[in-house]
Amino acid sequence: MKLYMDEDANMQYLQGKTVAVIGYGSQGRAQALNLRDSGVNVILGLRKGGKSWKKASQDGFEVYTIDEAVRRGDVIMLLVPDMVQPEIYERYIAPNLRESMVLDFAHGFNIHFGYINPPGDVDVIMVAPKSPGPRVREKYQEGFGVPALIAVHQDHSGNAKDIALAIAKGIGATRAGVLETTFKDETESDLIGEQTVLVGGLIQLIKYGFENLVELGYPPELAYFEACNEAKLIMDLIYEKGLTGMLRAVSDTAKYGGLAVGPFVVDERVKENMKMMAERVRNGEFAKQWVEEYRRGSKELKRMMSEIEEHELEKVGRKIRRISGLEE
Ligand code: NAD
Ligand code: MG
């Protein structure tokens, strides 16, 4: 796969254009600030009287209502939460779209699953930083950037990919490396990754690991260090040196025990579960389930959040982090 770097991207493609960033949260703020620092003409489209409005004004941006920002913009970056996007699109964006405008997303969910259907005479692109927003900003300020994925869903202008690369360059991503993908692959792999490994898989593994130790009679504080706290140190090693480098850094006993016993713990059945859940992402069942849950007011999500907040692992963790000064 080709990795696009600074020299592959040309900011000329944004010259003379007004970029309207819709939303000033995690990605919106980071991308708006980075683009402005890269010399791009950025305005904000926000809800009047919302918290973001004040913040964006204080950061020195011209802030408009969403429909007004779309009327003034050439490139529209839709950086509000995915579940909010369809309504914002229908009410404020679609009625104000002009031929040859560019619609940019940071995640393919709504386009890929068909919750947003733009007209044929605009470009539809994606620039998806592979990092939380605050980090996108931080890395840029350090003179670097975070990697990103770009994709083109619709190329009306004939320059859609170059425009995506210019945005990627403006937010600093081509300093770290940019990969081209499709809306389908980005959306599916993102959801499958967060469900089976990053968010879902990790939480379950840590929770079960903690519960197992506590149920065997070890003190919860000890279990917290073993099953949760140290996971960060191991992950840092994997991030820096790969699985092999991490294994070389732990004791021979940990090395042998981990390699010999791990496959009995997270076994083939776990992989089968991952396959099953990936299928629910790919056939759109998960998207439908989440959109319905959101429309019902996210009650189930709130219930699961408070359940985990009340878990013993979390109580012990909060106590330990407070004592060690990691948390207020
Ligand atoms: P966020 O939750 O941080 O965005 C919140 C902002 O959206 C608010 O500050 C407000 O400006 C606006 N907003 C929220 N509700 C609104 C409403 N009802 N009406 C109008 N405006 C509203 O969102 P985010 O996490 O930055 O996500 C934006 C996009 O970036 C999504 O497509 C997401 O998938 C993608 N993305 C996020 C991350 C991340 O780390 N957070 C990483 C990669 C891609
Ligand atoms: Mg994700």
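Keep in mind that what you see is a predicted model, and the values were worked out from it rather than measured.

## Focus on the packing of helix α10 (residues 200-215) against helix α16 (residues 312-323)
Consideration 1: Two elements in contact, α10 and α16, have axes separated by 10 Å at closest approach and are oriented at 90 degrees. It follows from the interaxial angle that α10 and α16 lie roughly perpendicular. Packed against α10, whose contacting residues are Ile206, Lys207, Phe210 and Val214, the element α16 presents Glu312, Leu313 and Val316 at the interface.
Consideration 2: Class assignment of the residues belonging to the contact of α10 with α16 gives a composition of five nonpolar, no polar and two charged.

## Structural notes on the pairing of strand β2 (residues 18-22)
Consideration 1: Counting buried positions along β2 yields five of five residues, so the element is predominantly enclosed.
Consideration 2: Across the two faces of β2 the burial is the same, with Thr18, Ala20 and Ile22 and Val19 and Val21 all buried.
Consideration 3: For β2 and strand β3 (residues 41-46), the ladder comprises five bridges, and the chain directions are parallel. Residue pairing in the sheet places Val21 in a bridge with Leu44 of β3.
Consideration 4: For the handedness criterion, the β-α-β arrangement of β2, helix α1 (residues 26-37) and β3 is classed as right-handed.
Consideration 5: When β2 meets strand β5 (residues 75-78), the two strands line up parallel, connected through four bridges. Across the sheet, the residue bridging to Ala20 is Ile76, located in β5.

## Let's talk about the coordination of the magnesium ion (ligand 2)
Consideration 1: The coordination sphere of the magnesium ion (ligand 2) contains the protein donors Asp190 (OD), Asp190 (OD) and Glu194 (OE), at a distance range of 2.1 to 2.7 Å. Here Asp190 pairs with Glu194, and both are found in helix α9 (residues 183-198), just four residues apart, close to one helical turn.
Consideration 2: We classify Glu194 as partly exposed; its relative accessible area is 30%.

## Let's talk about the domain arrangement of the chain
Consideration 1: Examined at the domain level, the chain breaks down into domain 1 (3-181) and domain 2 (190-323).
Consideration 2: Each side of the interface is counted separately: domain 1 has seven residues, and domain 2 has nine residues.
Consideration 3: Note on domain 1 versus domain 2: buried area summed over both sides is about 770 Å², and carbon and sulfur give 73% of it.
Consideration 4: Of all residues in domain 1, Met83, Phe113 and Tyr115 bury the most surface against domain 2, accounting for 62% of the area lost on that side.
Consideration 5: If you look at where domain 1 meets domain 2, you find one salt bridge.
Consideration 6: A salt bridge links Asp190 to Lys130, with the shortest nitrogen-to-oxygen separation between them at 3.2 Å.
Consideration 7: Here the side of domain 1 that touches domain 2 is composed, by residue class, of five nonpolar, one polar and one charged.

## Notes on the side chain of Asn34
Consideration 1: Here Asn34 is to be found in helix α1.
Consideration 2: Within the local environment of Asn34, its side chain forms a polar contact with the side chain of Arg137, the two groups lying 2.8 Å apart.
Consideration 3: The residues touching Asn34, leaving out its near neighbours within four places in the chain, are Val136, Arg137, Tyr140, Gly170 and Ile171.

## Digging into the site of ligand 1
Consideration 1: In the vicinity of ligand 1 there are 21 residues, among which Tyr24, Ser26, Gln27, Ser52 and Asp82 approach most closely.
Consideration 2: Note that an oxygen atom of ligand 1 is positioned 2.8 Å from one of the side-chain N or O atoms of Ser52.
Consideration 3: Side-chain polar atom of Asp82 to an oxygen atom of ligand 1: 2.6 Å apart, as the coordinates give it.
Consideration 4: With the chains in place, 73% of the 830 Å² that ligand 1 exposes on its own is no longer accessible.
Consideration 5: Put simply, the parts of the chain that give the shell around ligand 1 at least two residues each are α1 and α4 (85-93).
Consideration 6: When its residues are assigned to classes, the shell around ligand 1 shows 10 nonpolar, nine polar and two charged.

## Quick look at the sheet that holds strand β4 (residues 63-65)
Consideration 1: Strand order in the open sheet made by the nine strands is β1-β9-β8-β7-β6-β5-β2-β3-β4, with mixed pairing throughout. Single-partner strands in this sheet number two, and they are β1 (3-4) and β4.
Consideration 2: Here strand β7 (residues 123-129) pairs with strand β8 (residues 148-154) via six bridges, running antiparallel. Within the sheet, the bridge partner assigned to Pro129 lies in β8 and is Ala148.
Consideration 3: Relative to β3, α1 is tilted by about 160 degrees, and along the sheet it contacts β2, β3, β5 and β7.

Thresholds, definitions, all that
- Residues numbered from 1 in each chain as written.
- Chains lettered and ligands numbered in written order.
- Predicted model: local features only at pLDDT ≥ 70, side-chain atom pairs only at ≥ 80, totals over all residues.
- Heavy atoms only, no water.
- Axes fitted to C-alpha atoms, helices over the stretch in contact; angles between N-to-C directions.
- Helix = DSSP H or I, 4+ residues; strand = E, 2+ residues; numbered from the N terminus.
- Parallel < 35°, antiparallel > 145°, perpendicular 65-115°, else oblique.
- Contact = heavy atoms within 4.5 Å.
- Nonpolar A, V, L, I, M, F, W, Y, C, P; charged D, E, K, R; others polar.
- Buried < 20%, exposed > 50% of the residue type's maximum accessible area, 1.4 Å probe, protein only.
- Pairing = 2+ DSSP bridges.
- Right-handed = clockwise from strand over helix to strand, strands pointing away.
- Donors = N, O, S within 2.8 Å, 3.2 Å for Na, K, Ca; no water.
- Domains from an automatic or database assignment.
- Buried area = accessible area lost by both parts, 1.4 Å probe.
- Salt bridge = Lys/Arg side-chain N within 4 Å of Asp/Glu carboxyl O.
- Polar contact = N/O pair within 3.5 Å; in protein donor to acceptor, adjacent residues only side chain to side chain.
- Near = heavy atom within 4 Å.
- Areas by Shrake-Rupley, 256 points an atom, 1.4 Å probe, with all protein chains shown as cover.

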